[in-house]
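Descriptive analysis of the structure
Next come the chains, spelled out residue by residue.
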Amino acid sequence: MVDDADLEMNVLEFNRKSFSFDRLVDWDGTELAVYHRTETESESQFRPKILRLTLVLPRSWLLLDLTGEGLVIARDGVVSAPRPPGTAVEAAAESTRFDEQGVGWRRLAVSAGGFLYAPEEWGERLLTPSGVVRLGLG
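Notes on the structure follow. (Residues numbered from 1 in each chain as written. Predicted model: local features only at pLDDT ≥ 70, side-chain atom pairs only at ≥ 80, totals over all residues. Heavy atoms only, no water.)

**Quick notes on the packing of aromatic side chains**
Note the cut-off: The aromatic pairing rule takes the rings of Phe, Tyr and Trp, using the six-membered ring of Trp, and pairs them if the centres are within 6.5 Å, calling planes under 30 degrees apart stacked, those over 60 edge-to-face and the rest tilted. Strands here mean DSSP runs of E at least two residues long; helices mean DSSP runs of H or I at least four residues long; both are numbered from the N terminus. Burial classification: accessible surface area is computed with a 1.4 Å probe over protein chains only, and a residue below 20% of its type maximum counts as buried, one above 50% as exposed, and the rest as partly exposed. Here, over-ring charges are defined by two tests on the NZ atom of lysine or the CZ atom of arginine: distance to the ring centre within 6 Å, and angle to the ring normal within 35 degrees.
By the definition in use, this model includes seven aromatic pairs. For the ring pair Phe 14 and Trp 105, a centre distance of 4.7 Å and an interplane angle of 70° mean the geometry is edge-to-face. Taken as a pair, Phe 14 in strand 1 (residues 12-14) and Trp 105 in strand 8 (residues 103-111) lie far apart in primary sequence, 91 residues in all. You can call Phe 14 buried: its relative accessible area is 0%. Take Trp 105: its relative accessible area is 0%, and that puts it in the buried class. For the ring pair Phe 98 and Tyr 117, a centre distance of 6.2 Å and an interplane angle of 75° mean the geometry is edge-to-face. Separated by 19 residues along the polypeptide, Phe 98 in strand 7 (residues 97-100) and Tyr 117 in strand 9 (residues 114-119) bring together distant segments of the chain. The residues Phe 98 and Tyr 117 share a single accessibility class, namely buried. Through a chain of ring-to-ring contacts, three or more aromatic side chains come together here, namely Phe 14, Phe 19, Phe 98, Trp 105 and Tyr 117. A cation over a ring is seen here: Arg 75 above Trp 61, with NZ or CZ 5.7 Å from the ring centre.

Encoded structure:
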């Protein structure tokens, strides 16, 4: 498991985007790491909106990747195979269910311009109205 300094000083690459550490949340004895990212929706629009992306996952799933100088997701303590090349897509164009770094993920719109990403196996707890409120996002 990564220490507090590593959480705060390193970005987490997720879905080909960089997320910054926000805080830790205790969820019934499991420490969850909360990450955030702010981005602008399509620049081609006349008045693009600001999007707020939040990523939540168990802290124990995070490893420091010394070669990439960032954090990676490793649910079983092992880094999955290298990701194929590609580019990030706008949050509004993403699927609500997808795989990333060997984990199934779900995405939920939590507000106008706000999206929450959580591991599929945690979806029943986190991606609910009460889960969103408990995470401080509602």
